[in-house]
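Survey of secondary and tertiary structure
Listed below are the residues making up each chain.
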Amino acid sequence: MTTNVMILGAGFGGLELASLLSERLAGDVDITLVDQRDAFVFGFSKLEVLFGRRTAEQVKVPYRTMRTPGVEFRQERVLALDPATRHVVTDAGAYDPDVVVVALGADYDVAATPGFIDGGFEYYTVAGAERLRDELEAFRGGRVMLAVLSIPFKCPPAPYEAILLLHDRLVGRGIRDVTDLHVVTPQPAPIPVSPQASAALERAMGERGIEYTTRRRVYGIDPGTRVARFKDHDEPFDLFIGIPVHKVPGVLSDAGLADDGWVAVDPSTMRTGFPGVYAIGDCTETGIPKAGTFAESAAHVAADDIVRTVRGSGGLAPGGTGLCYLEFGSGQIGRVDVDFYAEGGPTAPLLGPSSDYVAEKAEFGASRRARWFGA
Ligand SMILES: Cc1cc2nc3c(=O)[nH]c(=O)nc-3n(C[C@H](O)[C@H](O)[C@H](O)COP(=O)(O)OP(=O)(O)OC[C@H]3O[C@@H](n4cnc5c(N)ncnc54)[C@H](O)[C@@H]3O)c2cc1C
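Looking at an unreviewed UniProt entry, one finds the protein chain named FAD/NAD(P)-binding oxidoreductase, with Agromyces humatus as its source organism.

Following this line, the structure appears as structure tokens:
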């Protein structure tokens with residue numbers, strides 16, 4: 001008897017899980033992969049769009065090109081999920097699979113920061129990256145504030161990558177000396193799990209004259225007077241870039257799966273408290289940062305548990321591992337190999353930065369694309 005597996009969300013985690021189950025359970029499972037969009041975009045491609053290296057069209061990988069055996073992709077929006085019965089309702093129909101894997105990522109709550117919609121910019125969506133790209137074209141200098149508006153947020157290095165690449169862009173345009181760059185974050189360090197990577201990023205910002213404020217939060221902005229509101233004072237800006245407040249997709253809170261803000265799972269299996277319902281990636285809370293590389297690692301854990309359930313035997317991947325590339329600007333990329341469950345505590349050494357990792361990062365993306373889309 002075949003097992004029907006339904007994967008909700010064809011992002012980093014959902015695509016990895018679909019390809020793993022296709023390889024390992026061929027003939028034993030029917031996999032339905034659902035996403036509201038028509039194309040996948042790597043998170044890091046948003047930086048490429050922001051800095052005009054590639055267009056939005058060029059970074060899209062259309063789902064219709066997917067050739068994964070045993071996987072049927074459906075472009076549908078998930079409207080409701082009953083985790084007790086595994087009944088899924090989409091805008092095109094209803095399903096009752098044997099196994100449901102929730103991989104819906106994190107949504108942005110831009111309205112949570114007063115003034116942000118009217119007076120701020122973001123690059124965490126493709127449309128936002130295009131809008132900020134155009135704004136930067138017109139920018140002639142002034143005070144730029146880049147603020148992390150809440151924790152957790154996707155890809156801890158992304159704010160620092162953006163500011164270092166922005167520095168390069170402003171130097172190239174001859175307006176760096178008339179521009180102040182300032183990063184504000186509630187976190188104590190750029191990459192808390194990696195003191196080495198944090199020190200390297202802080203050094204890189206210091207060398208470039210980028211101001212860096214930790215343990216502070218911007219609660220809102222006033223688009224009229226162009227000031228950012230901190231708890232006890234205001235600071236002026238000419239261009240405000242925010243890493244938006246993140247939230248769990250509404251369909252998951254409505255389903256009662258995210259009572260503590262994110263979906264709770266057993267990190268050793270990625271099972272939720274409901275039989276046959278798993279969750280992986282950014283929509284979950286496991287104590288590990290939100291990033292594609294960790295969504296991929298979680299997909300391996302869930303795949304092992306599903307294989308073990310279907311076949312009756314097999315081991316479990318430990319999870320919590322990831323490989324992060326950090327753009328330092330000037331054509332330099334660093335690599336951090338993270339293992340959150342290493343014996344003796346998390347390890348996250350930094351390799352580089354060096355130009356050697358430019359090709360390796362490109363290969364990281366190309367290899368995922370080949371594995372997930374067969375192209
Ligand atoms: C600027 C930037 C740079 C980044 N750089 C990196 C990096 O270098 N390395 C790295 O590892 N990570 C990086 N990330 C983070 C990475 O993109 C995410 O952490 C990763 O995509 C999470 O995977 P996921 O599968 O959990 O969710 P996602 O990849 O976000 O996938 C969720 C999917 O669910 C779909 N969905 C949501 N709601 C519904 C619904 N109701 N119905 C149907 N479909 C729905 C969405 O359309 C989406 O395709 C970056 C992110 C950003 C913004």
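The discussion continues.
What to know about the overall build of the protein chain
Counting secondary structure elements, the protein chain contains 10 helices and 24 strands. For the protein chain, whose C-alpha radius of gyration is 21 Å, the value lies close to the compact-globule estimate of 21 Å for 375 residues. Residues classed as buried in the protein chain amount to 44% of the 375 residues present. Once local pairs closer than 6 in sequence are excluded, the contacts in the protein chain between residues at least 24 apart make up 66%.

A word on the UniProt feature "domain: FAD/NAD(P)-binding" (unreviewed entry) in the protein chain
The UniProt feature table records "domain: FAD/NAD(P)-binding" (unreviewed entry) at residues 4-137 and 186-290. Secondary structure across residues 4-137 divides into 29% helix and 29% strand, with the first and last C-alpha atoms of the span separated by 49 Å. Across residues 186-290 one finds 17% helix and 25% strand; the C-alpha atoms that close the span lie 16 Å apart.

Quick notes on the domain arrangement of the protein chain
Looking at the assigned domains, one finds that the protein chain contains domain 1 (3-106 + 248-319) and domain 2 (111-245). The centre of domain 1, based on its C-alpha atoms, is set 30 Å off from the matching centre of domain 2. The biggest single contributor to the side of domain 1 that touches domain 2 is helix α2 (residues 45-50), with 4 residues. The residue inventory of the side of domain 1 that touches domain 2, partitioned by class, reads 9 nonpolar, 2 polar and 3 charged.

Structural notes on the environment of Ser354
Residue position: Ser354 is located in strand β24 (residues 350-354). The exposure class of Ser354 is partly exposed, given the 14 C-beta atoms found within 10 Å. Through-space distance from the C-alpha of Ser354 to that of Ile333 is 5.4 Å; in sequence the pair is 21 residues apart.

Let's talk about the sheet that holds strand β7 (residues 87-90)
Sheet architecture is open: 3 strands sit in the order β6-β7-β8, paired in antiparallel fashion. Each of the sheet's edge strands pairs with one partner strand only, and the pair in question is β6 (78-82) and β8 (93-95). Averaged over all pairs of adjacent strands, the angle between their axes in this sheet comes to 15 degrees, without regard to strand direction.

Notes on the site of the ligand
Around the ligand, the surrounding shell holds 35 residues, and the nearest of these are Gly9, Gly11, Gly43, Gly105 and Gly281. Elements that contribute at least two residues to the shell around the ligand include exactly α1 (12-24), β2 (29-35), α2, α9 (292-311) and β22 (321-329). Each residue belonging to the shell around the ligand can be placed in one class, and the counts come to 18 nonpolar, 10 polar and 7 charged. Each of domain 1 (3-106 + 248-319) and domain 2 (111-245) contributes no fewer than three residues to the shell around the ligand.

Observations regarding the nonpolar core
The nonpolar side chains of a soluble globular protein tend to be buried with one another. Judged by nonpolar contacts, the single largest core of 111 residues is most densely connected at Val101, Val102, Ile280 and Ala302. Examining the composition of this core, we find that 9 residues originate from one element, α9, more than from any other. Three or more residues apiece are contributed to this core by two domains, here domain 1 (3-106 + 248-319) and domain 2 (111-245). The residues touching Ile280, leaving out its near neighbours within four places in the chain, are Gly13, Leu17, Val101, Ala103, Met270, Ala295, Ala298, Ala299 and Ala302.

Examining helix α5 (residues 126-138)
Since one α-helical turn is 3.6 residues long, residues separated by three or four positions face the same way. With 13 residues, α5 should cover 18 Å at 1.5 Å per step; its first-to-last C-alpha distance of 19 Å lies within 8% of that length. Restricting attention to buried positions, one finds in α5 the residues Gly128, Ala129, Leu132 and Leu136. What you see down the axis of α5 is that its buried residues fit within an arc of 95 degrees, all on one side. Among the exposed residues of α5, those pointing more than 90 degrees away from its buried face are Ala127, Asp134, Glu137 and Ala138. Looking at the buried side of α5, the elements it contacts are α2, α6 (158-172) and β17 (239-243).

Brief notes about the packing of α1 against α9
The geometry of α1 relative to α9 is characterised by a closest axis approach of 8 Å and an angle of 35 degrees between their N-to-C directions. Crossing angle aside, the handedness with which α1 passes α9 is right-handed. Listed contacts from α9 to Phe12, Gly13, Glu16, Leu17, Leu20, Leu21 and Arg24 of α1 are Gly292, Ala295, Glu296, Ala298, Ala299, His300, Ala302, Ala303, Ile306 and Val307.

Some words on the pairing of β22
β22 sits mainly inside the fold: 7 of its 9 residues count as buried. Hairpin connection between β22 and strand β23 (residues 332-339): a loop of 2 residues separates the two successive antiparallel strands, and Ser330 in this loop has a positive phi of roughly 50 degrees.

Focus on the environment of Val49
Take Val49: it is sitting in helix α2. The buried category is assigned to Val49, around which 24 C-beta atoms lie within 10 Å. Through-space distance from the C-alpha of Val49 to that of Val59 is 8.0 Å; in sequence the pair is 10 residues apart. Among residues more than four places away in sequence, those in contact with Val49 are Arg54, Thr55, Ala56, Val59, Val126, Ala129, Glu130 and Arg133.

What counts, and at which threshold
Residues numbered from 1 in each chain as written. Predicted model: local features only at pLDDT ≥ 70, side-chain atom pairs only at ≥ 80, totals over all residues. Helix = DSSP H or I, 4+ residues; strand = E, 2+ residues; numbered from the N terminus. Rg over C-alpha atoms; globule rule 2.2 N^0.38 Å. Buried ≥ 20, exposed ≤ 12 C-beta atoms within 10 Å, placed from the backbone. Contact = placed C-beta atoms within 7 Å. UniProt positions renumbered as here; feature names shortened; annotations may be inferred. Domains from an automatic or database assignment. Nonpolar A, V, L, I, M, F, W, Y, C, P; charged D, E, K, R; others polar. Pairing = 2+ DSSP bridges. Axes fitted to C-alpha atoms, helices over the stretch in contact; angles between N-to-C directions. Near = placed C-beta within 6 Å. Core = buried A, V, L, I, M, F, W, Y, C linked by C-beta atoms within 7 Å. Expected span 1.5 Å × (residues − 1). Arc of directions from axis to C-beta. Left-handed = near helix turned anticlockwise from the far one by under 90°.

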